[in-house]
There are 2 protein chains.
Amino acid sequence: MADDAPTRDLLALGRAARAAQRELAKAPTARKNEALHAMAAALREGCAAILAANDRDVGRASSAGRRGALLDRLKLDTPRLEAMALSVEDIAVLPDPVGATIAQWSRPNGLQISRVRVPIGVIAIIFESRPNVAADAGALCLKSGNAAILRGGSDSFETARAIVAALQRGIERSGLPPAAVQMVPTSGRESVGELLGGLAGTIDLIVPRGGKSLVTRVQNEARVPVLSHLEGVCHVYVHAAADAAKAIAICRNAKMRRTGVCGAAETILIDATAGADLLGEIVRTLIDAGCEVRGDADVRTVDPRVRAATEQDWATEYLDAIVAMRVVSGLDAAVDHVRRYGSQHTDAIVTEDTAAAERFLAEVDSAIVLHNASTQFADGGEFGFGAEIGIATGKLHARGPVGLEQLTTFKYKVRGTGQIRP
Amino acid sequence: MADDAPTRDLLALGRAARAAQRELAKAPTARKNEALHAMAAALREGCAAILAANDRDVGRASSAGRRGALLDRLKLDTPRLEAMALSVEDIAVLPDPVGATIAQWSRPNGLQISRVRVPIGVIAIIFESRPNVAADAGALCLKSGNAAILRGGSDSFETARAIVAALQRGIERSGLPPAAVQMVPTSGRESVGELLGGLAGTIDLIVPRGGKSLVTRVQNEARVPVLSHLEGVCHVYVHAAADAAKAIAICRNAKMRRTGVCGAAETILIDATAGADLLGEIVRTLIDAGCEVRGDADVRTVDPRVRAATEQDWATEYLDAIVAMRVVSGLDAAVDHVRRYGSQHTDAIVTEDTAAAERFLAEVDSAIVLHNASTQFADGGEFGFGAEIGIATGKLHARGPVGLEQLTTFKYKVRGTGQIRP
C-alpha cells in the first residue's frame, strides 16, 4: 500500500506544482502558446547538453546489456530532437480546450447552467524508456492548463532531466512558472510509491505509460485516480464475407507496419468459412514480410512454417514481428475470443457485410473498434487530435487517444438572479 | 489492501452481473423502459413485504440506540414507497443515453470516426442508511445499460433486500435478466473489501455513497475506478457588492432549506466591506430560523448569541442546523478560504458585480459554482438530469450530479473501406 509519508523533496515538488498550476489555469491561450514556442527553442538550444546526457544513458544501458529495440527507443540524435521540438510547436497550434463551453441550457426558474472545460490540475506521468515522452507530456499538460510531474525510467533518467531543464528554461522565459513541468529528482522505485500516495493531496491524476507490471502496480497502489494506458492485445477478425484483398492488406499493415506500437495487431481471427485459400494467403504474406506466425491446428494445416500457438499466445502483446492466428466459427465466436483475451484497446473486423460489421462494432467492448481499416490507426494524430499522451484502455473519463481535450475536466457554472430553492 | 480473494458467493454474483450486463447492453430502449415500469409495479405489489422488512430494520436500529435523523432516513411508509416507485417510472421517461453519437467526423483518408455512448459495465454501489438508494441506483443503472451490485448498510439491510427482490421480479417479468440488479447477500464489512478488489475483474466502477470514512476507505483500497461522492463543505460568499435582500435569502435557503443534503451550505463568508448591518441581519435571520451560528471574532461582535468557531469548524460538513461564519477581506481571501477548507462540491457568490462573480466562478475549483443562487440547487433534478445517484466530487469522468449520462462511457467506431496506415 502506498502509505509512505512523502519525503520533503517530493512534497515540495508537489506543492510547487500545485502553485504553478493555479497560474497556468488562469493563463490566456496566447501566453501558453508563447511558452510552448520558447520550450521548443530551448530544446534546440539545449541540443548539445541533451545529446551528451543521452550518450551517457545509452552507454549505461548498453553496458547493462539492453538489447536493440530498447536501446533504439532510448537513443536520441539531432533529427529526433528536432522532431521533439516540432511536436511541441505543433501543440501550440492546436485549439486550447480550457474555457470552452461544452453545453449550456437554462432552467424554468431562470438559472443559466453551463458546463465549461477546466484543467484537471496536477498530473503525474510515470513513463519508462522513451525520453521524448517528457517533452510531449510536458507540452500537452501545459497547453491544457495542467502542471506535470514527470517520473522517467532509470534508463532514460539523465536524458529526461536534460529535456525537462530545457523545457523549464523556455517556460520561465515566457513568464509562466517553470514548476509547471517538473521531474522527480530520483529514479528509485520508492519515488513511484510516493507519487501513488498522492503527495499529500497535491496530485489529481496519475498516468502510467509503460509495461503491464508498471500499470498493474499503479492501479493496485494508487490512492488517486489513474488514467491507465495498458497493453494493446489488438485483434483483426477476418469475417466470412471479407474482401480478400482488403483482408490481406489490413492484416499485414495492422501487424507489420510498426510492431512496437500499442495499436499493432497481436492476434488475427479468421472465420472458418472465409476459406483455406484466404487463410493461406494471409499466412504467407505475413511470413514473407518477416513475421513469425503461431497458429491453432487449423492454421497450421495451411503452412508448415506455422508454429503451434499456446493458450498464453492469445493473451500476449508481442510488440514484435510475431502474430497469433486462430480459425473461429462465426461472429459470436470471434466476439467471445476478443472479450476473453483482448485488452479493450483496439479491434477490427474485415467484411463486406455491413450488418455483421455493425454487430462487431456494437458488441466488442473496446476503446476503438474498426470496420475495414487497420488497427494501426489507433493514434491521436490519426484521429485528428494532434499529439497524444497515449491510448487509454480504462473505461472512465477518457477512452482511446488521450490528447488535450482528454486532459481536461469540466465544472458547472450556474448564473442566477437571486434564486432560492423552494 | 483489498487483496482478499473473493469468496465463491461474491464471485458468482460478479459473474452473473457481467453476464446480465451483456444482455442489458444490447437491450433496446423500449425493453428497458418496460422493465422499469414492471419494477415500479413490483415495488407496489411488494409493499407489505418491504414495509415489514423495514419495520424489523427500524426496530433493530432503534434498539441499537439510533437517533432521530438517522432513524427517519431509514424509515419507510406507504407514501415513501410510492415515491420510490414513481421515481423508477420517472427514469423510464428519461432519454436513453446508450447508443447516442456524441461526435462524428471524417478524416482526409476517408475514415469515418464516431464517438458513441456505451454503458460502463458492472457498477458496484456501496451505500449507507437510506434504503431508497437501492431502487434509484438499480433503476438508473438498468436504464443506462449497466448491471448494479448493491451493498447496503447493516441498518437498512433487510429493507434493501426486500426492495431488490421486488426489482428483480419486475426485471424478470420484462424478459431481461434479473441479475441486472443484485444485492450483496451480507452486510459484513469484509464484503466491502471483496468488492473493492473488483471481484476478479467483474466490476468496472465503484460508487461509494456515504460518510467520509466510507468514501476514504474506498478511495484508499479500491483496485478499480471509483466515482466518489464525498461530503459537501459548501460555501456562500457574500461579496462587497452583494444585494442585501438576495444575500439574506440565499444564505438562509442555502443553509436551512434542508440541512441534511450535501449541497447545504456549511460556511458563510462575508466580505469585510459588506457592512456590519448586513452581517448582523444574516446572523439574526439564521438564528431566528433555528440555526446555531459559529463565527470568528468579527462575526461575534454583531450578536452575542454567536459561538466562537474553531479551526475545525471551517472544514466540517454539519448536515445540521449549524453554520460557520467568517469575515474575509476581499475576493482573493474568499477564494483562498474555499480552496483551503472546501470539498470542491458546490460554492456560491452573492454579488451585483459581474466581473467579481466571473472571477469567483473561474477561480473556485469546485464541481458546481453559482452566482446569485442557492447552493441547494446542487441536484440532478434541478439541473434537468432527472434522477441522480448523487453529486460526484472527484475530478475525473463525471463531476457534479451523476445521472444517466454520467453512468455511461463511450467508444470510438471507425468505419473504413480498406484503409491501411502509411
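Worth saying up front: this structure is predicted, and the values here are computed from it rather than measured.

**Student:** Just to check I follow, could you spell out the overall build of chain A for this structure?
**Tutor:** A count of helices and strands for chain A gives 16 helices and 16 strands. By the compact-globule yardstick of 22 Å for 422 residues, chain A fits well, its C-alpha radius of gyration being 24 Å. Dimensions of chain A along its principal axes, counting C-alpha atoms only, are 70 × 70 × 40 Å. In chain A, buried positions account for 60% of the 422 residues. At a minimum sequence separation of 6, the contacts of chain A that also span at least 24 residues come to 72%. Summed over all atoms, the accessible surface of chain A reaches about 15300 Å², with 49% contributed by carbon and sulfur. Looking at chain A, you have 49 positive and 50 negative side-chain charges, and the mean spots of the two groups are 7 Å apart.

**Student:** I would appreciate a short explanation of the sheet that holds strand E9 (residues 292-295) of chain B in the present structure.
**Tutor:** By way of backbone hydrogen bonds, the strands of a sheet pair with one another, either parallel or antiparallel. Judged by pairing direction, the sheet is mixed, and its 10 strands sit side by side in the order E1(A)-E2(A)-E16(A)-E13(B)-E12(B)-E7(B)-E8(B)-E11(B)-E9(B)-E10(B) without closing on themselves. The open sheet terminates on both sides in strands that have one partner only, identified here as strand E1 (101-106) of chain A together with strand E10 (307-308) of chain B. Where strand E2 (residues 112-119) of chain A meets strand E16 (residues 408-419) of chain A, eight bridges bridge the pair, whose relative direction is antiparallel. In the strand pairing of E16(A), Ser114(A) is matched with Lys413(A). Across the face of the sheet, helix H15 (residues 354-363) of chain B comes into contact with E16 of chain A together with strand E7 (234-238), strand E12 (346-350) and strand E13 (368-373) of chain B while running at roughly 145 degrees to E16(A).

**Student:** Could you clarify how one ought to interpret the confidence of the model for chain A in this entry?
**Tutor:** The pLDDT averaged across chain A works out to 93; a share of 99% of its residues lies at or above 70. Model confidence for the complex: the whole-complex pTM is 0.92, and ipTM, which rates the interface, is 0.92.

**Student:** In this structure, what is going on with the pattern of salt bridges? I would like to understand it.
**Tutor:** Oppositely charged side chains are able to pair whenever their charged atoms sit close together. Counting across every chain of the model gives 58 salt bridges over all chains. Between Arg173(B) and Glu45(B) there is a salt bridge, with the nearest N and O atoms lying 3.1 Å from each other. On the criterion of sequence distance, the pair formed by Arg173(B) in helix H7 (residues 157-173) and Glu45(B) in helix H2 (residues 29-45) is long-range, its members being 128 residues apart. On the accessibility criterion, Glu45(B) (56% relative accessible area) is exposed. With its nearest N and O atoms 3.0 Å apart, the salt bridge here joins Arg305(B) to Asp303(B). Among the residues examined, Asp303(B) registers a relative accessible area of 5% and is labelled buried. One network of salt bridges, with partners in common, ties together Arg56(A), Asp57(A), Arg60(A) and Glu158(A).

**Student:** Help me understand the sheet that holds strand E3 (residues 122-127) of chain B in this model?
**Tutor:** Residues and elements named next belong to chain B. Spatially, E5-E4-E3-E6 is the arrangement adopted by the four strands of the open sheet, whose pairing is parallel. Across the chains shown, the open sheet's two edge strands, defined by having one partner strand only, are strand E5 (181-183) and strand E6 (205-209). Taking each pair of neighbouring strands and ignoring which way they run, the sheet shows an average axis angle of 20 degrees. In terms of strand pairing, E3 meets E6 through five bridges, oriented parallel. Residue pairing across strands places Ala124 opposite Ile206, the latter belonging to E6. Across the sheet, H7 is in contact with E3, strand E4 (147-151) and E5; its angle to E5 comes to roughly 155 degrees. On top of the sheet, helix H9 (residues 212-221) reaches E3 and E6; it is set at about 160 degrees to E6, its chief contact.

**Student:** Hey, could you run me through the interface of chain B and chain A in this one?
**Tutor:** For an interface, size is often stated in terms of accessible area lost upon the parts coming together. Across the boundary between the two partners, chain B contributes 71 residues, which contact 71 residues of chain A. Carbon and sulfur atoms make up 51% of the surface buried where chain B meets chain A, a total of about 6100 Å² over both sides. Looking at the side of chain B facing chain A, the largest losses of area belong to Leu396(B), Tyr412(B) and Arg421(B), adding up to 13% of the total buried there. Connecting chain B to chain A are eight salt bridges. Note that Asp379(B) is salt-bridged to Arg421(A), the shortest N-O span being 4.0 Å.

**Student:** Hey, could you run me through the packing of helix H10 (residues 244-256) of chain B against helix H11 (residues 276-288) of chain B in this one?
**Tutor:** Helix-helix packing is described using two parameters, namely the angle between the two axes and the distance between the axes. Residue and element names in this part refer to chain B. In contact at an axis separation of 10 Å, H10 and H11 are set at 35 degrees when each is read in the N-to-C sense. Here H10 runs over H11; the crossing is right-handed. Of the residues in H11, those touching H10 at Ala244, Ala247, Ile248, Cys251, Arg252, Lys255 and Met256 are Leu278, Glu281, Ile282, Thr285 and Leu286. Broken down by class, the residue content of the contact of H10 with H11 amounts to eight nonpolar, one polar and three charged.

**Student:** Help me understand helix H9 (residues 212-221) of chain A in this model?
**Tutor:** For an α-helix, the turn length of 3.6 residues means that residues three or four places apart are oriented alike. Inspection of H9(A) places Leu214(A), Val215(A), Arg217(A) and Val218(A) among the buried residues, and these make up the whole buried set. Down the axis of H9(A), the buried set is contained in an arc of 160 degrees. They therefore lie on one face.

**Student:** Got a minute to help me understand the packing of helix H6 (residues 132-143) of chain A against helix H7 (residues 157-173) of chain A in this structure?
**Tutor:** All names here are of chain A. Running from N to C, H6 and H7 point in directions that differ by 30 degrees, and their axes come no closer than 9 Å. Our classification of the angle between H6 and H7 gives roughly parallel. By crossing handedness, the relation of H6 to H7 is classed as right-handed. For the pair H6 and H7, contact is made by Ala134, Ala135 and Leu142 and by Ala160, Ile163, Val164, Leu167 and Ile171, respectively. Of the residues contributing to the contact of H6 with H7, the split by class is eight nonpolar, no polar and no charged.

**Student:** Whenever I open this one, the relation of the copies chain B and chain A confuses me. Can you help?
**Tutor:** Put simply, the two copies of the chain differ by a rotation about an axis and a shift along that axis. Under the fitted operation, chain B is carried onto chain A by 0.0 Å of movement along the axis and a turn of 180 degrees, and the coordinates agree to an RMSD of 0.0 Å. What the superposition gives is, in effect, a two-fold axis relating one chain to the other. Considering only C-alpha atoms, the residue of chain B closest to the rotation axis is His397(B), which sits at 1.8 Å. Taken together, the interface assignments show that 100% of the residues at the interface of chain B recur at the interface of chain A, consistent with an identical surface on both copies.

**Student:** Could you clarify how one ought to interpret the side chain of Arg18(B) in this entry?
**Tutor:** All names here are of chain B. In this fold, Arg18 is placed in helix H1 (residues 8-26). Its relative accessible area of 16% is what places Arg18 among the buried residues. At 3.0 Å, the side chain of Arg18 and the side chain of Asp204 are in polar contact. Those residues in contact with Arg18 that sit more than four places away from it in its chain are Gly121, Val122, Gly201, Thr202, Ile203 and Asp204.

**Student:** Would you mind going over the packing of aromatic side chains with me for this structure?
**Tutor:** All told, the structure shown has 14 aromatic pairs over all chains when counted by the stated rule. With centroids separated by 6.4 Å and ring planes inclined at 80 degrees, the aromatic side chains of Trp105(A) and Tyr412(A) adopt a geometry described as edge-to-face. With Trp105(A) in strand E1 and Tyr412(A) in strand E16, this pair connects stretches of sequence that are 307 residues apart. Since its relative accessible area comes to 24%, Trp105(A) is described here as partly exposed. Residues Phe410(A) and Tyr412(A) carry aromatic rings whose centres are separated by 5.4 Å and whose planes lie at 75 degrees to one another, so their mutual orientation is edge-to-face. Feature note: the residues Trp105(A), Phe410(A), Tyr412(A), Phe383(B) and Phe385(B) constitute an aromatic cluster, connected by ring pairs. The ring centre of Trp314(A) lies 4.7 Å from the NZ or CZ of Arg326(A), which sits over that ring.

**Student:** Looking at this model, I keep getting lost on the side chain of Glu388(A). Mind explaining?
**Tutor:** Residues and elements named next belong to chain A. In this structure, Glu388 sits in the loop between helix H16 (380-383) and strand E14 (390-392). For the buried Glu388, no salt bridge exists, and the shortest N-O distance to an oppositely charged side chain is 5.8 Å, to Arg209. Among the polar contacts listed, one links the side chain of Glu388 to the backbone nitrogen of Gly380, at a separation of 2.4 Å. Not counting chain neighbours up to four residues away, the residues in contact with Glu388 comprise Leu140, Asp379, Gly380, Pro401, Val402 and Gly403.

**Student:** It is not clear to me how unusual backbone geometry should be interpreted in this structure. Could you clarify?
**Tutor:** Phi at Leu199(A) is positive, roughly 45 degrees, even though this residue is not glycine. Take Leu199(A): it is sitting in the loop between helix H8 (189-196) and strand E6 (205-209). Located in the positive-phi region is Leu319(B), a residue other than glycine, with phi close to 50 degrees. Structurally, Leu319(B) is set in the loop between helix H13 (311-314) and strand E11 (322-328).

Cut-offs applied
Residues numbered from 1 in each chain as written. Chains lettered and ligands numbered in written order. Predicted model: local features only at pLDDT ≥ 70, side-chain atom pairs only at ≥ 80, totals over all residues. Heavy atoms only, no water. Helix = DSSP H or I, 4+ residues; strand = E, 2+ residues; numbered from the N terminus. Rg over C-alpha atoms; globule rule 2.2 N^0.38 Å. Buried < 20%, exposed > 50% of the residue type's maximum accessible area, 1.4 Å probe, protein only. Contact = heavy atoms within 4.5 Å. Areas by Shrake-Rupley, 256 points an atom, 1.4 Å probe, with all protein chains shown as cover. Lys, Arg positive; Asp, Glu negative; His and termini not counted. Charge placed at Lys NZ, Arg CZ, Asp CG, Glu CD. Pairing = 2+ DSSP bridges. Axes fitted to C-alpha atoms, helices over the stretch in contact; angles between N-to-C directions. pLDDT = per-residue confidence, 0-100. Salt bridge = Lys/Arg side-chain N within 4 Å of Asp/Glu carboxyl O. Buried area = accessible area lost by both parts, 1.4 Å probe. Left-handed = near helix turned anticlockwise from the far one by under 90°. Nonpolar A, V, L, I, M, F, W, Y, C, P; charged D, E, K, R; others polar. Arc of directions from axis to C-beta. Parallel < 35°, antiparallel > 145°, perpendicular 65-115°, else oblique. Least-squares fit on C-alpha atoms with pLDDT ≥ 70 in both. Polar contact = N/O pair within 3.5 Å; in protein donor to acceptor, adjacent residues only side chain to side chain. Phe/Tyr/Trp six-rings, centres within 6.5 Å; stacked < 30°, edge-to-face > 60°. Lys NZ or Arg CZ within 6 Å of the ring centre and 35° of its normal.

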